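Analysis of the macromolecular model
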Amino acid sequence: MNVAIVGGGIVGLASAYYLAERGADVTVYEKGSLGSGSTERSVGGIRAQFSTPVNVELSLESMAVWDDFEAEFGVDIAYRRPGYLFAAREEATARAFEEQVAMQNDLGVPSVLLDPEEATEHCPGLRAEEFVAATYSPTDGFADPHLALQGFAQAAREAGAEIRTKTGVTEIHRDGGPVTGLTAEGRRHDADFVVNAAGPWARRVAAMADVEIPVAPKRRQMLVVEPETPVPEDVPLTIDLDTGSHFRPEREGAALVGGYFGSESGESDADPDGFDRKIDLDWAAEAIERAGDCATYFGPESEIRRGWAGLYAVTPDHHPIVEETAPGFVNAVGFSGHGFQHAPATGQLVAELVLDGAASLVDVSALGSERFERGELLEERNVA
Ligand SMILES: Cc1cc2nc3c(=O)[nH]c(=O)nc-3n(C[C@H](O)[C@H](O)[C@H](O)COP(=O)(O)OP(=O)(O)OC[C@H]3O[C@@H](n4cnc5c(N)ncnc54)[C@H](O)[C@@H]3O)c2cc1C
């Protein structure tokens, strides 16, 4: 089976590894360098505290790989697990937390519902008086996306995959029928399957195969901050869900601070080839202020060390599309800010779709692109 993968980010490389490991003849086409899309701009969060079963299952299957990554791939990905803490200001959010924890527990996630005072045992700086409830799961955490990407790339090569960088795909050939190949840098290559793993470029790559998908590139920003009070390294990644503010400890008391505070529907799409990679100073000031409203570590004396902007590839319901959308054309796109952590499960699912004709690791029947036309949207509430 001859498989061409468009995109050398974490999703494309995980797919390449699992396909090649199972005997497929795999070529990855990456127009820039590996990870040069969203993957190298991610902060590496890995969590099972999602609000829908399919996202929780993608997390659990992925965590099984992240857990053993060093033993399996020989790369230490700096995986730390101080947990994630979600905090609610609104009663409605607190009620949703109750349902989510019950669902997560049913699926085997050790998350717990906490009152705000209990939450300060995990995050001592949390302004408990601002919140009505919280959830915490001790197995959530984060890893280094760059190291994870290198691990998958190396393993994919060792399994026989060919990886071509600086090789942009400009056409996908299917003439209304099954995929027959693609054109990259002016040369035609035959393929039985083409996998779209193009992250924020996914809509453009799908259009090359005459497939329309609602995946929108949206700009998101992060700061590295020297807080007023150091953030201990065992503090969880803390999300003030009703404001969108979040932070997590870095090394030596520093913190990563982020958040999206605008209205999603009113936000214009970014150009993945030409968006502004520097942070907006107004946004940075608001991010620090909101982090300070959430926890006592941050205040006006906090210092910004650096920051960056990257793109989320967002679908209308914040769930990915994982399916064979047209004969021989597989989409693994639209991860809406969760594509780093869900890459190990996704890579296995892509291999199943291509080699077995159906996915079995996780029931992805709800992740087809027709849901948008049918109006059968899922709802992921826990989006940061
Ligand atoms: C600020 C920020 C923080 C984030 N934090 C997290 C987090 O904590 N946890 C998490 O799970 N996720 C996080 N994400 C999201 C995560 O980065 C993405 O979901 C993930 O990297 C997507 O990987 P990908 O391989 O699908 O896409 P990408 O890494 O974008 O890779 C797609 C690749 O396709 C290539 N490409 C595009 N078009 C073509 C073409 N025509 N021909 C050849 N190659 C092409 C691009 O050059 C690119 O390298 C974050 C994102 C941002 C921006």
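Only a predicted model underlies this, so the values are computations on that prediction, with no experimental measurement involved.

A short note on the sheet that holds strand β10 (residues 181-184)
What the three strands build is an open sheet, ordered β9-β10-β11; its pairing is antiparallel. With one partner strand each, in any of the chains shown, β9 (169-173) and β11 (187-190) form the two edges of the open sheet. Across this sheet, the average inter-strand angle for adjacent strands is 25 degrees, counted without regard to direction. Relative to β10, β9 runs antiparallel, the two being bridged by four bridges. Residue pairing in the sheet places Glu171 in a bridge with Thr183 of β10.

A few points about the packing of helix α1 (residues 10-21) against helix α9 (residues 343-355)
To describe two helices that pack against each other, one gives the angle between their axes and the distance between the axes. Running from amino to carboxyl end, α1 crosses α9 at an angle of 50 degrees, the nearest separation of the two axes being 8 Å. Taken together, α1 and α9 sit at an angle that is classed as oblique. Handedness of the α1/α9 crossing: right-handed. On α9, the residues touching Ile10, Val11, Ala14, Ser15, Tyr18 and Leu19 of α1 are Ala343, Pro344, Thr346, Gly347, Gln348, Val350, Ala351, Val354 and Leu355. Of the residues belonging to the contact of α1 with α9, the class tally is 11 nonpolar, four polar and no charged.

Re empty space enclosed by the protein
Here the idea is plain: a probe the size of a water molecule rolls over the atoms and shows the empty space left. Counted according to the given criterion, the structure contains one cavity of 30 Å³ or more. Put simply, the largest cavity is a space of about 40 Å³. In this structure, the largest cavity is lined by Ser36, Gly37, Ser38, Arg41, Pro200, Trp201, Pro272, Phe275, Arg277 and Leu311. A breakdown of the residues in the lining of the largest cavity according to their chemical character gives five nonpolar, three polar and two charged.

Examining the domain arrangement of the protein
Taken domain by domain, the protein consists of domain 1 (2-63 + 145-214 + 316-374) and domain 2 (84-138 + 216-314). Measuring from the centre of the C-alpha atoms in domain 1 to the corresponding centre in domain 2 gives 28 Å. Taken residue by residue, the interface counts 28 residues in domain 1 and 29 residues in domain 2. Together, Arg41, Val43 and Gln49 form the three largest contributors to the area buried by domain 1 at its contact with domain 2, with a combined 32%. The interface formed by domain 1 and domain 2 contains four salt bridges. We note a salt bridge from Asp273 to Lys31, for which the minimum N-O separation is 3.2 Å. At the surface where domain 1 touches domain 2, the tally comes to 14 residue pairs in polar contact (both at pLDDT 80 or more). Looking at the side of domain 1 that touches domain 2, the elements with two or more residues in it are β3 (45-46), α2 (53-67) and α7 (202-208). Looking at the side of domain 1 that touches domain 2, the element that brings in the most residues is α2, giving four residues.

About the criteria used
Residues numbered from 1 in each chain as written. Predicted model: local features only at pLDDT ≥ 70, side-chain atom pairs only at ≥ 80, totals over all residues. Heavy atoms only, no water. Pairing = 2+ DSSP bridges. Helix = DSSP H or I, 4+ residues; strand = E, 2+ residues; numbered from the N terminus. Axes fitted to C-alpha atoms, helices over the stretch in contact; angles between N-to-C directions. Parallel < 35°, antiparallel > 145°, perpendicular 65-115°, else oblique. Left-handed = near helix turned anticlockwise from the far one by under 90°. Contact = heavy atoms within 4.5 Å. Nonpolar A, V, L, I, M, F, W, Y, C, P; charged D, E, K, R; others polar. 1 Å grid on protein atoms, 1.4 Å probe; cavity = no way out; pocket = protein on both sides within 12 Å on 5 of 7 lines; lining within 4 Å. Points joined across faces, edges and corners; volume = space filled by probe spheres on them. Domains from an automatic or database assignment. Buried area = accessible area lost by both parts, 1.4 Å probe. Salt bridge = Lys/Arg side-chain N within 4 Å of Asp/Glu carboxyl O. Polar contact = N/O pair within 3.5 Å; in protein donor to acceptor, adjacent residues only side chain to side chain.

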